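The chain contents come next:
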Amino acid sequence: MTTGVPIGEFSRLSHLSAKTLRYYHDIGLLVPAEVDGETGHRRYQPGQVGDAHLIRRLRGLDLPLAEIRTVLAAPDARAGTLRQHLERMEAELARTRDVVASLRRLLDAAPAVTVLYRTHAPATVLRVAARVARPDVEAWCGAAFGELFGVLARAGADPAGLSGATYSAEFFEQDAGEISAFVPVVPGAFAGDPRLGTLPGRRYAVAVHAGPFGDCDLTYGALGAHVAVHDTALAEPIVEQYLVGPQHTDDEERFRTEVCWPVA
């Protein structure tokens with residue numbers, strides 16, 4: 001006696017079309033319990049409904065078929081595989097939200113930046129430098145400043161000025177280049193520390209960026225355009241100084257970053 005559920009009925013149980021069920025059979029993802037040798041009719045067991053529902057949901061999350069096959073083949077590993085995929089989706093969702101928010105700000109009328117001129121005297125700093133690719137900047141800066149502030153905390157010392165970072169011309173031209181994270185310290189302190197150095201004195205055109213780092217390009221554009229019209233730009237690193245940064249608040253809308261453009 002023939003047992004099981006025909007494909008039409010199973011499509012109603014699973015909310016997967018007959019065409020989709022036939023495709024999943026062809027690729028070995030969801031194989032019918034029985035296939036009639038003469039007619040080719042497919043029949044499924046009711047116990048396969050759970051797998052069909054799982055497949056439909058995972059495809060709705062854009063999980064690749066190869067990974068779905070892995071999930072079905074190893075029930076004990078399902079939680080770990082699904083957790084990894086959900087974490088990837090959450091990261092992508094956060095990135096999409098950031099881009100959407102940035103686009104909304106770009107569509108708004110951009111306020112004119114106020115440009116000031118200032119000469120920085122040479123400063124004694126603890127600094128960490130490396131060649132960094134643009135996609136890795138956030139993670140690298142987080143680690144670098146964690147290291148620098150950790151050194152100060154262990155010594156019971158406070159920064160002697162605003163922390164910041166320098167960005168080489170190569171970084172902007174090649175999407176990878178030297179970045180230096182720095183924290184000013186009192187001259188004479190931290191003698192012998194290999195991170196001890198001097199931030200050169202320069203004259204800068206300065207504008208303050210308000211908001212997330214992801215929108216800093218807007219202030220860079222406005223400030224750079226001003227410099228192109230009114231000044232002679234130097235091929236020296238651009239300096240960012242963090243008036244209000246991640247060490248002060250978790251609210252990115254409250255970030256305030258001085259962008260310092262070296263000029264002759």
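Structure first, text after, so check above.
These notes cover the structure that comes with them. What you see is a predicted model; the values in this text were computed from it and never measured.

What follows concerns the overall build of the protein chain. Check the secondary structure of the protein chain and you find eight helices and 11 strands. At 29 Å, the protein chain has a C-alpha radius of gyration far larger than the 18 Å of a compact globule built from 264 residues. Considered along the principal axes of its C-alpha atoms, the protein chain spans approximately 95 × 45 × 30 Å. In the protein chain, which comprises 264 residues, the proportion classed as buried is 35%. Excluding contacts between residues fewer than 6 apart, the proportion of contacts in the protein chain whose partners are at least 24 apart in sequence is 67%. Summed over all atoms, the accessible surface of the protein chain reaches about 15300 Å², with 55% contributed by carbon and sulfur. Computed over 26 positive and 33 negative side-chain charges, the inter-centroid distance for the protein chain is 5 Å.

Another point: the sheet that holds strand β9 (residues 202–210). The eight strands lie next to each other as β4-β9-β11-β10-β6-β7-β5-β8, forming an open sheet whose pairing is antiparallel. Only two strands of the sheet have a single partner each, and these edge strands are β4 (116–120) and β8 (196–199). When the angles between neighbouring strand axes are averaged without regard to direction, this sheet yields 40°. When β9 meets strand β11 (residues 256–262), the two strands line up antiparallel, connected through seven bridges. In the sheet register, His209 faces β11, and the bridge partner there is Thr257. The sheet strands contacting helix α8 (residues 216–230) are β4, β6 (164–167), β9, β10 (238–244) and β11, and the helix crosses β9 at an angle near 145°.

Let's shift gears to a nonpolar patch on the surface. A surface patch of nonpolar side chains, amounting to about 210 Å² of accessible area, comprises Leu61, Leu86 and Met89. Positionally, Met89 belongs in helix α5 (residues 78–107).

Turning our eyes to something else, we now look at the packing of aromatic side chains. Within this structure, the stated rule accounts for 11 aromatic pairs. Between Phe145 and Tyr242, the aromatic rings sit 6.0 Å apart at their centres with planes inclined by 80°, giving edge-to-face as the arrangement. Taken together, the residues span a long stretch of sequence, with Phe145 in helix α6 (residues 137–155) and Tyr242 in strand β10 at a distance of 97 residues. Residue Phe145 is classed as buried on the basis of its relative accessible area of 12%.

Right, let's talk about the sheet that holds strand β1 (residues 5–6) for a bit. Pairing in this open sheet of three strands is antiparallel, and the strands run β1-β3-β2 from one edge to the other. Both edges of this open sheet fall to β1 and β2 (34–35), since each of them pairs with a single strand only. Looking at chain direction, β2 and strand β3 (residues 42–44) are connected through two bridges and run antiparallel. Note on β3: the bridge partner recorded for Val35 is Arg42.

Quick look at the pattern of salt bridges now. Counting across every chain of the model gives nine salt bridges. Across the pair Arg42 and Asp26 runs a salt bridge, and its minimum N-O distance is 3.9 Å. In this pair, Arg42 is assigned in strand β3 and Asp26 in helix α2 (residues 18–26), connecting sequence segments 16 residues apart. A relative accessible area of 17% places Arg42 in the buried class. Close ionic contact of Arg134 with Asp175 constitutes a salt bridge, the shortest N to O distance being 2.7 Å. Residue Arg134 is found in the loop between β5 (123–133) and α6, and its partner Asp175 is found in the loop between α7 (169–174) and β7 (176–184); the two are separated by 41 residues along the sequence. The exposure class of Arg134 is partly exposed, given its relative accessible area of 37%. Since its relative accessible area comes to 42%, Asp175 is described here as partly exposed.

Rules and cut-offs
- Residues numbered from 1 in each chain as written.
- Predicted model: local features only at pLDDT ≥ 70, side-chain atom pairs only at ≥ 80, totals over all residues.
- Heavy atoms only, no water.
- Helix = DSSP H or I, 4+ residues; strand = E, 2+ residues; numbered from the N terminus.
- Rg over C-alpha atoms; globule rule 2.2 N^0.38 Å.
- Buried < 20%, exposed > 50% of the residue type's maximum accessible area, 1.4 Å probe, protein only.
- Contact = heavy atoms within 4.5 Å.
- Areas by Shrake-Rupley, 256 points an atom, 1.4 Å probe, with all protein chains shown as cover.
- Lys, Arg positive; Asp, Glu negative; His and termini not counted.
- Charge placed at Lys NZ, Arg CZ, Asp CG, Glu CD.
- Pairing = 2+ DSSP bridges.
- Axes fitted to C-alpha atoms, helices over the stretch in contact; angles between N-to-C directions.
- Patch = residues over 30% accessible without salt bridge, like charges linked within 9 Å, V, L, I, M, F, W, Y side chains within 5 Å.
- Salt bridge = Lys/Arg side-chain N within 4 Å of Asp/Glu carboxyl O.
- Phe/Tyr/Trp six-rings, centres within 6.5 Å; stacked < 30°, edge-to-face > 60°.

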